[in-house]
Amino acid sequence: MQTILVANPKGGSGKTTVAIQLATWFAWQRRPVMLADLDRQQSALRWLAQRPDTFPVIRGRDGIVDRLPADAVQVVDSPAGLHGKLFDAALQAADRIVVPMQPAAFDRWASADFFTRLADEKRVRKGKVDVALLGMRVNARTQTARDFAAFVDDAALPLLGTIRDTQLYVQLQPRGLALFDLPRPRFERDYGQWQVLLNWVSRP
Ligand SMILES: Nc1ncnc2c1ncn2[C@@H]1O[C@H](COP(=O)(O)OP(=O)(O)O)[C@@H](O)[C@H]1O
Ligand SMILES: [Mg+2]
């Protein structure tokens with residue numbers, strides 16, 4: 001089994017959005033998928049409760065699952081302010097950590113602290129867990145996008161793409177669906193923005 005932790009202590013950075021897109025993509029790959037929701041707000045589990053049963057199955061739990069079939073993927077959605085025992089447990093379970101972040105200065109400042117904390121963690125230092133960034137709600141051709149690119153260069157963490165700001169993700173929430181449930185030809189541009197991240201999480 002493989003566990004992917006989606007984390008950024010800043011609220012509203014896009015964690016739940018990324019977690020449900022990843023879970024959906026793996027479900028379409030016909031992998032057994034566990035969506036572990038560590039947030040008390042339970043947005044991911046509420047989203048899952050809306051999911052029509054005609055779409056590929058995703059199972060959900062309100063905590064990390066230790067044992068799953070060998071081909072299973074666990075996607076862990078974490079709360080804002082992740083710290084202490086919950087952070088330690090999530091870190092221990094994770095094979096990969098995806099850090100979604102928005103490009104604005106407040107987000108860059110908040111995330112910089114988190115990167116320092118991560119870099120100090122034994123599992124990260126020993127290379128037992130890989131960490132990468134995903135830009136969320138990034139509008140290309142803005143000064144903020146350029147500032148974000150400079151920040152990423154300094155952060156010494158790989159950037160696995162940037163996802164545009166679009167109502168698409170918002171409108172799919174109440175339907176229990178995600179981008180990968182939609183026909184690819186119509187959403188080619190959006191599918192494309194996830195490709196580098198999907199390659200990274202699929203690496204054995
Ligand atoms: N790429 C995007 N374009 C537009 N809205 C987005 C995008 N990604 C996330 N959002 C919206 O931003 C808000 C915060 O995202 P969310 O995934 O809930 O963050 P977190 O789980 O880190 O608090 C949500 O309402 C979500 O729908
Ligand atoms: Mg959330």
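This one's a predicted model, so the numbers in the text were calculated from it and none came from an experiment.

Looking now at the pairing of strand S5 (residues 96–101). The element S5 is largely enclosed, with a buried count of six among its six residues. Of the two faces of S5, the one carrying Arg-96, Val-98 and Pro-100 and the one carrying Ile-97, Val-99 and Met-101 are both buried. The pairing of strand S1 (residues 2–6) with S5 spans three bridges and is parallel. Pairing of Val-6 across the sheet is with Val-98, part of S5.

The feature "domain: CobQ/CobB/MinD/ParA nucleotide binding" (unreviewed entry), as given by UniProt, occupies residues 4–135 in the numbering adopted here. In residues 4–135, helix accounts for 39% and strand for 21%; the two terminal C-alpha atoms are 17 Å from one another.

Within this structure, the stated rule accounts for seven aromatic pairs. For the ring pair Phe-180 and Tyr-191, a centre distance of 5.1 Å and an interplane angle of 85° mean the geometry is edge-to-face. In this pair, Phe-180 is assigned in the loop between helix H7 (167–172) and helix H8 (188–202) and Tyr-191 in helix H8, connecting sequence segments 11 residues apart. Following the ring pairs from residue to residue traces out a cluster consisting of Tyr-169, Phe-180, Tyr-191 and Trp-194.

Attention now goes to empty space enclosed by the protein. Once rolled over the atoms, a probe with the size of a water molecule shows which space is left empty. Applying the stated criterion across every chain yields a total of one cavity of 30 Å³ or more. Here the largest cavity is characterised by a volume of approximately 40 Å³. As for the largest cavity, its lining consists of Thr-17, Ile-20, Gln-21, Trp-47, Tyr-169, Leu-172, Gln-173 and Leu-177. Of all the elements in the fold, those that place two or more residues in the lining of the largest cavity are helix H1 (15–28) and H7.

Here is what the cut-offs are and how they apply
Residues numbered from 1 in each chain as written. Chains lettered and ligands numbered in written order. Predicted model: local features only at pLDDT ≥ 70, side-chain atom pairs only at ≥ 80, totals over all residues. Heavy atoms only, no water. Buried < 20%, exposed > 50% of the residue type's maximum accessible area, 1.4 Å probe, protein only. Helix = DSSP H or I, 4+ residues; strand = E, 2+ residues; numbered from the N terminus. Pairing = 2+ DSSP bridges. UniProt positions renumbered as here; feature names shortened; annotations may be inferred. Phe/Tyr/Trp six-rings, centres within 6.5 Å; stacked < 30°, edge-to-face > 60°. 1 Å grid on protein atoms, 1.4 Å probe; cavity = no way out; pocket = protein on both sides within 12 Å on 5 of 7 lines; lining within 4 Å. Points joined across faces, edges and corners; volume = space filled by probe spheres on them.

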